[in-house]
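# Remarks on the overall topology
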Amino acid sequence: MAEKLTAEQVTQLEDRARSVRRNIVKMVTEANSGHPGGSLSAADILVTLYFAEMKVDPKNPNDPERDRFVLCKGHAAPVLYATLCEKGFLPEEELLTLRKINSRLQGHPSMKDLPGVDMSTGSLGQGLSAANGMALASKLDGRSNRIFAVLGDGELEEGMVWEAAMFAGHYKLDNVTAFVDFNGLQIDGPVAEVMSPLPIPEKWAAFGWNVIEIDGHDINAIYDAIQTAKTVKGQPTVIVAHTVKGKGVCQMENVADWHGKAPTKEECQLFLGELDD
Amino acid sequence: MGKATREAYGDALRDVGAELKDIVVLDADLSKSTKTNVFAKAHPERFFNVGIAEQNLMGTAAGLAAAGKIPFVSTFAMFAAGRAFEQVRNSICYPKLNVKIAATHAGLTVGEDGASHQAIEDISLMRSIPNMTVIVPADAAEARRAVEFAAKYKGPVYLRLGRSSVPDLFDDSYVFEHGKAVQLADGTDLTIIATGIMVAPAKKAAEELAAEGIKARVLNIHTIKPIDKDAVAKAAKETGAIVTCEEHSVIGGLGSAVAEVVVETTPVPMERVGVKDTFGESGKPDELLKKYNLTTADIVKAAKVVLARK
């Protein structure tokens, strides 16, 4: 039986997730552009990965033995930057340079610009293939590190995702754990209405993946699913995480319009009030 | 006739793979045609078939490179540069990952498969991407050296290879110098600049022109990007007229790359031998080269046209 998080650890992770959410709102407001909704929905997943699971070191960001993370839904860059900041990869004040000229914080993650970013992403559908390539390299080199990826649910509409899903199943990449941030909304509306990728768990299972479904805002559930994935041999694992777009800010929650819209300065103050410690 | 450049690729990859253990080869269900099966036979543990999924081919290679491997990926040029263009751009070139794309069956000489499989835009597409290096070998010996170079070079490389046999121009002593034009003949009246399978007819055209008293310099440009600006500018200055020859569209390929240098350094009259903004069709390679004006006679004709414009 895999170990469980203590209540104290869960509280600490929840605090960090709140801090990450505050920074997401601040940085998108300052940039006056960006994608807050899908950043907020993935915050608990990234915080649990970076603070309870992944072996990464800001002092040695290119360590070949490190666990690796691919943000397939690259438009959620703010959640990655805020989490990396929380982890010590960059100073907090730098978050406010998001999307500005000469910044390391590009609108979508750029691995050449910011240490800690393991793969440049942004064009949807491409990240899982890269994660698979990293996982294959680890297998070839006999490394025990693990590769994590977070995809969007709308992103599942990209055909390339299923090419990658087929590959990981075929080559039994059990060192890959992919999350689907299943918040149900894409730019033009509910995923089920725009172009339904449903049912999601069955599709992954059909491609040979071990499937776990969880509440993507339950830190314990996220952690436990990651531990279970580590015990599954000969199959990659997908964690279908039911989430709420805009999670943590009630005015943003479940509103498709907050996919790619920045809050005004006034809204920002209001939202931060909700995310107070 | 010598070997096709794809044949040389397979053999070279097998050999360089024995030396460099980080080389991993991916193919998209065309390993018998691209000749990666030669590598697969020698190093089965480092060969992976991704199936008919070229986007994933490029994306997986990007991940392998990000983790320190040297992936060589192969499929037909149509699918490598065409179908997977955006994966090559965003997953490989943007982060400058160390992926080698060896694209075979480029150009019209795919032959019978017809226009759907005849990539005549790939040089144009690939050279327009920042961080990309574009190499088009002219024969088997040059292809072998280009593979060896690509394996050791750090960064993305697009290697354009052909299906059909080509005459041997070089022997095993050939030294590949990245980004350097190879002068095959000297002359003062014009310069014929060719790449890939058009180098052999270009050389022959110069010989035919010499018989008529026209002295043509011949440059083999194997590295289309970065192009040898000095050699092109010198040719323009010293010979005053240029003919380019490529088994590719006249839009965006070697002719365009040379023209860019010429107009920025020493404007002189130019003619471009290539596919004239049209699709190909089914046929034997030689029939296609003839129908689409890619023969020695076409180069001779273009040389006379450009000389008249001097």
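These numbers come from a predicted model, not from an experiment.

## Some words on the overall build of chain B
Helix and strand counts for chain B come out as 13 helices and 12 strands. In terms of C-alpha radius of gyration, chain B reaches 18 Å, essentially the compact-globule figure of 19 Å for 310 residues. If one aligns the C-alpha atoms of chain B with their principal axes, the spans along those axes are about 55 × 40 × 35 Å. Burial status across chain B gives 62% buried among its 310 residues. Across chain B, every contact between residues at least 6 apart in sequence was considered, and the portion connecting residues at least 24 apart equals 80%.

## A closer look at the overall build of chain A
Broken down by element type, chain A carries 10 helices and seven strands. Rg of the C-alpha trace for chain A: 17 Å, near the compact-globule value of 19 Å for 277 residues, within the 12% margin. Taken over the C-alpha atoms alone, chain A extends approximately 50 × 45 × 40 Å along its principal axes. In chain A, buried positions account for 53% of the 277 residues. If you take every contact in chain A between residues at least 6 apart in sequence, the share linking residues at least 24 apart comes to 77%.

## What to know about the packing of helix α6 (residues 159-170) of chain A against helix α4 (residues 54-66) of chain B
When two helices pack together, their arrangement is given by the angle between the helix axes and the distance between those axes. One way to put it is that α6(A) packs onto α4(B) with a least axis distance of 9 Å and a crossing angle of 65°. By the angle between their axes, α6(A) is roughly perpendicular relative to α4(B). α4(B) is crossed by α6(A), and the crossing has right-handed handedness. On the side of α6(A), the interface is formed by M160(A), E163(A), A164(A) and F167(A), while α4(B) contributes Q55(B), N56(B), G59(B) and T60(B).

## Some words on helix α1 (residues 7-31) of chain A
Residue and element names in this part refer to chain A. Here α1 spans 36 Å end to end across 25 residues, near enough to the 36 Å set by a 1.5 Å rise per residue. Within the span of α1, buried status applies to L13, R16, A17, V20, R21, N23, I24, V25, K26, M27, V28 and T29. Taken together, the buried residues of α1 touch α2 (37-41), α3 (43-53), α4 (77-87), α9 (219-231) and α10 (265-274). Just downstream of α1 lies N32, where phi reads positive at about 60°.

## Regarding the confidence of the model for chain B
Residues with a pLDDT of 70 or more make up 100% of chain B, whose mean pLDDT is 98. Listed scores for the predicted complex are pTM 0.97 and ipTM 0.96.

## Re the pairing of strand β3 (residues 176-182) of chain A
Walk down a regular strand and you will see the side chains alternate between the two sheet faces. All names here are of chain A. Of all seven residues in β3, seven are buried; the element is thus mostly enclosed. Residues V176, A178, V180 and F182 line one face of β3 and the alternating positions T177, F179 and D181 line the opposite face, and both faces are buried. Running through α6, the crossover from strand β2 (residues 147-152) to the neighbouring parallel element β3 is right-handed. Bridging between β3 and strand β7 (residues 237-242) involves six bridges; their strand directions are parallel.

## Considerations on the environment of A42(B)
All names here are of chain B. Mapped onto the elements of the fold, A42 is located in helix α3 (residues 36-42). Its 16 C-beta neighbours within 10 Å are what place A42 among the partly exposed residues. Not counting chain neighbours up to four residues away, the residues in contact with A42 comprise R14, G17 and A18.

## So, the interface of chain A and chain B
Contacts between the two partners involve 24 residues from chain A and, on the opposite side, 24 residues from chain B. Residue assignment for the side of chain A that touches chain B shows that the elements contributing at least two residues are α5 (127-141) and α6 of chain A.

## A word on the sheet that holds strand β1 (residues 68-71) of chain A
All names here are of chain A. The parallel open sheet is built from five strands, whose spatial order is β1-β2-β3-β7-β6. The sheet is open, and its two borders are formed by β1 and β6 (210-215), each paired with just one other strand. This sheet shows a mean twist of 20° between the axes of neighbouring strands, independent of strand direction. Strands β1, β2 and β3 of the sheet are contacted by α5, whose axis makes an angle of about 170° with β2. Across the sheet, α9 touches β3, β6 and β7, and the angle it forms with β6 is around 170°.

## Observations concerning unusual backbone geometry
Leaving glycine out, the prevailing phi sign among residues is negative, and the prevailing peptide bond configuration is trans. The step from L198(A) to P199(A) runs through a cis peptide bond, and the omega angle for that step is -5°. Here the amide bond leading from K225(B) into P226(B) is cis, since omega sits at -5°, within 30 degrees of zero. With respect to the element layout, P226(B) can be found in the loop between β10 (223-225) and α10 (229-239). One non-glycine residue with positive phi stands out, namely R99(A), at about 65°. Position of R99(A) among the secondary structure elements: in the loop between α4 and α5. Overall, R99(A) belongs to the partly exposed group, with 19 C-beta atoms counted inside 10 Å. Positive phi, close to 60°, is recorded for N293(B), a residue that is not glycine. Along the chain, the position of N293(B) falls in the loop between α12 (285-291) and α13 (296-308).

## Concerning the environment of N60(A)
Residues and elements named next belong to chain A. Mapped onto the secondary structure, N60 falls in the loop between α3 and β1. C-beta crowding within 10 Å serves as the criterion here: with 11 such atoms nearby, N60 is assigned to the exposed category. It is 15 Å that separates the C-alpha atoms of N60 and N145, two residues lying 85 residues apart in sequence.

## A look at the environment of E213(A)
Residues and elements named next belong to chain A. Among the secondary structure elements, E213 is positioned in strand β6. A residue is classified by how many C-beta atoms lie within 10 Å of it, and E213, with 16 of them, is partly exposed. Setting aside anything within four residues of it in sequence, one finds E213 in contact with P201 and V240.

## Structural notes on the nonpolar core
Of all hydrophobic cores here, the largest spans 199 residues; its most connected members are A149(A), A103(B), I192(B), I242(B) and A303(B). Of the residues forming this core, the biggest block, eight residues, is contributed by helix α8 (residues 140-152) of chain B. Here this core gathers at least three residues from each of two domains, domain 1 (5-160) and domain 2 (182-309) of chain B. Not counting chain neighbours up to four residues away, the residues in contact with I192(B) comprise A202(B), A205(B), A206(B), A216(B), V218(B), V243(B), C245(B), I299(B) and A303(B).

So, how was this worked out
- Numbering of residues begins from 1 in every chain and follows the order in which that chain's sequence is written.
- Whichever chain is written first becomes A and whichever ligand is written first becomes 1, with later ones labelled in order.
- Side-chain atom pairs in this predicted model are given and counted only at pLDDT of 80 or more, local residue features only at pLDDT of at least 70, and totals for whole chains, interfaces and linings cover all residues.
- Only DSSP runs of H or I covering at least 4 residues are called helices, and only runs of E covering at least 2 are called strands; the numbering of each starts at the N terminus.
- The quantity called the radius of gyration is restricted to C-alpha atoms. Its globule counterpart is 2.2 Å times the number of residues to the power 0.38.
- Working definition of burial: number of other C-beta atoms within 10 Å of the residue's own, with buried at 20 or more, exposed at 12 or fewer, and partly exposed in between, all C-beta atoms being placed from the backbone.
- By definition, residue pairs are in contact when their C-beta atoms, positioned from the backbone, come within 7 Å.
- Each axis is a line fitted through C-alpha atoms, and for a helix only the stretch in contact is used; angles between axes span 0 to 180 degrees, taken between their N-to-C directions.
- Throughout, the term roughly parallel applies to angles under 35 degrees, roughly antiparallel to angles over 145, roughly perpendicular to angles from 65 to 115, and oblique to all others.
- Take the far helix as the reference: if the near one is turned anticlockwise from it by less than a right angle, the crossing is left-handed, and if turned clockwise, right-handed.
- By definition here, a helix of n residues has an expected span of 1.5 Å times n minus one.
- Summary of the metric used: pLDDT quantifies the predictor's per-residue confidence within the range 0 to 100.
- Note on handedness: a clockwise path from strand one over the helix to strand two, with the strands aimed away from the viewer, defines a right-handed crossover.
- Strands are treated as partners if at least two bridges between them are detected by DSSP.
- Only buried residues count toward a nonpolar core: Ala, Val, Leu, Ile, Met, Phe, Trp, Tyr and Cys, linked into one set through C-beta atoms within 7 Å.
- Where each domain starts and ends follows an automatic or database-derived domain assignment.

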